[in-house]
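For reference, the chains in residue letters:
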There are 2 protein chains.
Amino acid sequence: MEAGRIGRIRRYAELIVRKGVNVQAGQRVVVFADIEAADFARLVTEAAYDAGAAHVYVNWSDEAASRTTYLMADPEEFKLVEPWRVEFYKYYDDINACYIFLDSDDPDLLSDVEPERIYDSSKSSGVAFYDHNNAISCNHVRWTLAGVPSGAWASKLFPDIPEEEAVELLWEKILDSSRVYGDPLAAWDDHDKMFKEKIRFLNGAKFSELRFTNSLGTDIRIGLPQGHFWDGGSNRAKDGVWFFPNIPTEEVFTLPDCRTVNGRVVASMPLTHNCVTIENFELIFEGGKVVSYKAEKNEAALGNILNLDEGARMLGEVALVPHDSPISRMKLLFKNSLYDENASCHFALGKAYPMIGSYDRSLSKEEADGLGVNDSITHVDFMFGTADLRVTGTTSDGKEVTVFVNGNWA
Amino acid sequence: MEAGRIGRIRRYAELIVRKGVNVQAGQRVVVFADIEAADFARLVTEAAYDAGAAHVYVNWSDEAASRTTYLMADPEEFKLVEPWRVEFYKYYDDINACYIFLDSDDPDLLSDVEPERIYDSSKSSGVAFYDHNNAISCNHVRWTLAGVPSGAWASKLFPDIPEEEAVELLWEKILDSSRVYGDPLAAWDDHDKMFKEKIRFLNGAKFSELRFTNSLGTDIRIGLPQGHFWDGGSNRAKDGVWFFPNIPTEEVFTLPDCRTVNGRVVASMPLTHNCVTIENFELIFEGGKVVSYKAEKNEAALGNILNLDEGARMLGEVALVPHDSPISRMKLLFKNSLYDENASCHFALGKAYPMIGSYDRSLSKEEADGLGVNDSITHVDFMFGTADLRVTGTTSDGKEVTVFVNGNWA
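The rules behind each value
Chains are numbered independently. Their residues run from 1 in the order of the written sequence. Chain A is the first chain written and ligand 1 is the first ligand written, with later ones labelled in order. Restriction of local features to residues with pLDDT of at least 70 applies here, the model being predicted, together with a cutoff of 80 or more for giving and counting side-chain atom pairs; totals for whole chains, interfaces and linings are based on all residues. Side-chain numbers here rest on the full set of heavy atoms in the structure, without hydrogens or water. Orientation is described by lines fitted to C-alpha atoms, with helices fitted over the stretch in contact, and by angles between N-to-C directions that extend from 0 to 180 degrees. Helix and strand definitions here come from DSSP, where helices need a minimum of 4 consecutive H or I residues and strands a minimum of 2 consecutive E residues; each element is numbered from the N-terminal end. Roughly parallel covers angles under 35 degrees, roughly antiparallel covers those over 145, roughly perpendicular covers 65 to 115, and oblique covers all other angles. We call two residues contacting when some pair of their heavy atoms lies within 4.5 Å. Under the scheme applied here, ten amino acids are nonpolar (Ala, Val, Leu, Ile, Met, Phe, Trp, Tyr, Cys and Pro), four are charged (Asp, Glu, Lys and Arg), and all others, including Gly, are polar. A simple way to read buried area is as the amount of 1.4 Å-probe accessible surface that goes missing from two parts once joined, with both sides added. Salt bridge criterion: a side-chain nitrogen from Lys or Arg within 4 Å of a carboxyl oxygen from Asp or Glu. Counting of polar contacts relies on pairs of N or O atoms within 3.5 Å, with two restrictions inside protein: one atom must be capable of donating a hydrogen and the other of accepting it, and residues adjacent in sequence are counted only when both atoms are side-chain atoms. Only protein chains enter the accessibility calculation, which uses a 1.4 Å probe. A residue is then buried if its area is under 20% of the maximum for its type, exposed if over 50%, and partly exposed in between. Assignment of crossover handedness uses the view with strands pointing away from the viewer, where a clockwise path from the first strand over the helix to the second indicates a right-handed crossover. The criterion for strand pairing is that DSSP finds at least two bridges linking the strands in question. Positive charges come from Lys and Arg, negative ones from Asp and Glu, while His and the chain ends are left out of the count.

J.: So what's going on with the packing of helix α2 (residues 38–50) of chain A against helix α3 (residues 63–72) of chain B? Which residues, and what values?
T.: Between α2 of chain A and α3 of chain B, whose axes approach to 10 Å, the crossing angle comes to 10°. Judged by the angle between their axes, α2 of chain A and α3 of chain B are roughly parallel. Taken together, the residues of α3 of chain B that come into contact with α2 of chain A (itself represented by Arg42, Thr45, Glu46, Tyr49 and Asp50 of chain A) are Ala64, Thr68, Thr69 and Met72 of chain B. Partitioned by chemical class, the residues of the contact of α2 of chain A with α3 of chain B number 3 nonpolar, 3 polar and 3 charged.

Following this line, the structure appears as structure tokens:
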């Protein structure tokens, strides 16, 4: 075992490969990485081969070139998706490749891009990649999302120190939040036990409704569909192999009945989506749909999320994260949902994971609609948890059970 | 106009975009670049948008990850090409995109990879991309190949100075050889006139055979097909737009009748192909085919080129470059065919550009075979020009004309 930072970073790469996607011998692996994260992507590539991958394809992107394209390309270009991109995902989905997404986004990269271009791009890619996104969200394939510091991202979080130091500090936060200490593989097996305990409780309670209230002004009731189940930590893919879709993860989550969501939810953290940060916003739901919204900053970006399709105005995920989760206790706004959603209770707008019965069960379109399983081309998490959040569950026989008090498990 | 090195590099990017592929308003552009060449690829991206491109897609590669894959992937993987890659080229060929290939290869990157893996990869991609390679070599689409220094490449050429200085020096050599002085766009219009003059002479002479001899031991006769024409400098694509396929370029070239090549050719420079450098080699042709070959270094790599298919053992190009060409006078072995082939007379093994009649004329398979137009999945240039090379042409009525003496135009 190597000493110091580099040793930890290598173990993080190994964690992503062996626990994240859980690469199997002979499997193909696709890695998505920005070219600024090349050093780490190369470590992941080597770790995947060491784990027995038959082939690793790194799909590189470059924020600088992407930004130039967002600013300078013909606006009509954002309305189309090149057919080879669809073939790309179809090929790898069909051969049961696994996907490693390394996220190093500058949270403000696209802040001065015309929102219409981002909207068109989200819409066209959401439609074109629907099948692949479905394979991901239903865990038909194994995938994992993990973060890698970039200079631009780190400098946004730590603006008062030199970029190089900021990157070092963000590495430390990422490694700490990802539980990369000692033997991270064993640490993650341990960590997984906590999820399984919480899930046992929630699945036993069979709540038909959850109510969330706090002093920020959130007061919202969420119906849960018959037969829903909760999950968290490791997931089982279609091929029966276990994996962790997110590194880190602290949430347990299920799907709402998207037709029975009523009330007001006030965001407790900014939301960074598509490299634009939306601040101080709230949503009001009636009969499942967002009927009004406002944001102090980048309201247009929020509107564009909600207007993507009908499902984007409805909820697709309810996730419980204690206010004293290790990431929350870091008291750092990462400006990246992978981390921020693990510091706070959150909902997602858009597509629901079809968590009815069990992962093995596939729902027909009619069954899904009948249970209020939201469908959409998007899925966007946003955070509303606070230190005084209360969550109350109602069981099918009308009993009320306190689930969270003062932001934590009751 | 900006001063100094950066200004020159920007003008080089502009040269590639405006003279190289000659981007037209509303056109899509595909740029191939290694992530180590990101700074320059970004300049090219901006220059392409400035020239009116509707969209620029940068297809990144990474030598480090590629090398890891060559060393560690399952050997069977090199025998297949993912179908989405074929769709990729088909899509861009069909919409008449133009292609910018930025070459920054480490000439020895794959020197310790099992030659079989490189052979399998060349063979499978040559077969899978046959249509696209044909669109490129027949100028159905516009494309250009240009160099960008990388640390690894520069250090191989200038091993005695620090890497950073080596890169600076290689930039200087690349910019000089690419005629990036003052207004490079005007310089290239001027440069093009030289080609048109030489072509006029060669096309007027209508040689039926060329004989090449020198003191290295080369003595070879090359039949030229009826109706062949010579070209060099700017080319006209199927859409009628002119472009320069190579920056730099100093050659005039035509195709041989691949069945009537007889004699011995001794390489005058190493040949770097697929990131392996083959040294001190010679080929003996009988009736068009290589019947024996040897190389002091990497003979297996040479054998693998020759064994790719039947056409790989026969010639597809004859190119004349004076020994006092500006690149030759630099007295630098670039270990990259783009530069080295413009310092020396050369042949290519493999696929011929179908230079019969005119670029507008398309040949049926029968016509092509009848004229000895070589077909192959590969096309590999190798250099044999020397300071004492003599080239003698024979006209259809048996007259001998001296074309080159002492390595230069007679």
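J.: Which residues make up the interface of chain A and chain B, and what values do they have?
T.: Each side of the interface is counted separately: chain A has 34 residues, and chain B has 34 residues. When the two sides are added together, the surface that chain A and chain B hide from each other amounts to roughly 3000 Å², 64% of it contributed by carbon and sulfur. The largest per-residue losses of area from chain A upon contact with chain B belong to Arg42, Trp60 and Trp84 of chain A, which jointly make up 21% of the total buried on that side. Applying the counting criterion to the chain A and chain B interface returns 6 salt bridges. One salt bridge connects arginine 42 of chain A with glutamate 36 of chain B, and the closest N-O pair in it is separated by 3.3 Å. Summed over the shared surface of chain A and chain B, the result is 12 residue pairs in polar contact (both at pLDDT 80 or more). Counting only elements with at least two residues in the side of chain A that touches chain B, the list comes to α2, β2 (55–61), α3 (63–72) and α4 (83–94) of chain A. Per-element accounting of the side of chain A that touches chain B gives the leading share, 7 residues, to α4 of chain A. For the side of chain A that touches chain B, the per-class residue count stands at 18 nonpolar, 5 polar and 11 charged.

J.: Now, about the pairing of strand β1 (residues 28–34) of chain A: what can you tell me, with residues and values included?
T.: Residue and element names in this part refer to chain A. The buried fraction of β1 is high, at 7 of 7 residues. Regarding topology, α2 serves as the crossover connection from β1 to the parallel β2, and that connection is right-handed. In terms of strand pairing, β1 meets strand β3 (residues 98–103) through 4 bridges, oriented parallel. Within β3, the residue paired with valine 29 across the bridge is cysteine 98.

J.: Requested: an account of the pairing of strand β11 (residues 261–266) of chain A, with residues and values cited.
T.: Across 4 bridges, strand β6 (residues 219–223) of chain A lies against β11 of chain A in antiparallel orientation. Paired with isoleucine 220 of chain A across the two strands is glycine 263 of chain A, which belongs to β11 of chain A.

J.: Kindly report on the side chain of glutamate 341 of chain B, identifying the contributing residues and their values.
T.: Residue and element names in this part refer to chain B. Positionally, glutamate 341 belongs in the loop between α12 (337–340) and β16 (346–350). Arginine 179 provides the closest opposite charge to the buried, unpaired glutamate 341, separated from it by 13 Å. Excluding residues within four positions of it along the chain, glutamate 341 makes contact with Asn246, Glu251, Val321, His346, Asp381 and Met383.

J.: How would you sum up the sheet that holds strand β16 (residues 346–350) of chain A? Please name residues and give values.
T.: All names here are of chain A. The 4 strands are arranged β10-β15-β16-β17 in an open sheet whose pairing can be described as antiparallel. Strands at the two margins of the open sheet, each flanked by one partner only, are β10 (252–254) and β17 (379–383). Averaged over all adjacent pairs, the angle separating strand axes in this sheet is 25°, with direction ignored. Pairing analysis gives 5 bridges linking β16 to β17, with the strands arranged antiparallel. Within β17, the residue paired with leucine 349 across the bridge is valine 380.

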